[in-house]
Amino acid sequence: MDDHAAAMSALERAHVLGQSVMAPHLQVHWLMFKCALARGRLSDASGQLARLGLGVIGNTIGILPTGNTGGNNVSMFKRLPIPAELARAMGAAAMTEAAVARHRATA
């Protein structure tokens, strides 16, 4: 796997983890856009520009295709299963957030 392919793989996993929050979601698409430009893949770059715009809308209205990797090899509207190790990480983060919220409520 070359460096760009490895970067895209990492970004796709980051997309699954961060797409529910606007800033990390858009940051991943921006980095995917830059990666596509670096590889000279203009169609992939334009696809990422579309995803940047639709990401803002999706995050604002709360409609996102969970598990979607954010790459141009998958429809931007398709839901995908979340890999088990990412689901565990997401569950642990949610449990931590809930514990912090409970602590703040009692403080």
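Now for a look at the structure at hand.

What counts and how
Residues numbered from 1 in each chain as written. Predicted model: local features only at pLDDT ≥ 70, side-chain atom pairs only at ≥ 80, totals over all residues. Heavy atoms only, no water. Helix = DSSP H or I, 4+ residues; strand = E, 2+ residues; numbered from the N terminus. Contact = heavy atoms within 4.5 Å. Areas by Shrake-Rupley, 256 points an atom, 1.4 Å probe, with all protein chains shown as cover. Lys, Arg positive; Asp, Glu negative; His and termini not counted. Charge placed at Lys NZ, Arg CZ, Asp CG, Glu CD. Buried < 20%, exposed > 50% of the residue type's maximum accessible area, 1.4 Å probe, protein only.

## Some remarks on the overall build of the protein chain
Phase 1: Along the protein chain, the regular secondary structure elements total four helices and zero strands.
Phase 2: Nonlocal contacts in the protein chain, meaning residues at least 24 apart in sequence, comprise 52% of its contacts between residues at least 6 apart.
Phase 3: Carbon and sulfur atoms provide 65% of the accessible area of the protein chain, an area that totals close to 6,700 Å².
Phase 4: Distance between charge centroids for the protein chain: 8 Å, based on 10 positive and 6 negative side chains.

## What to know about the environment of valine 16
Phase 1: Inspection of the secondary structure assignment puts valine 16 in helix 1 (residues 3-18).
Phase 2: Judged by its relative accessible area of 5%, valine 16 falls in the buried class.
Phase 3: Spatially, the C-alpha atoms of valine 16 and leucine 86 are 7.9 Å apart, while their sequence positions differ by 70 residues.
Phase 4: Look past the residues within four positions of valine 16 in its chain and what remains in contact with it is Gly67, Asn68, Thr69, Ile82, Leu86 and Met90.

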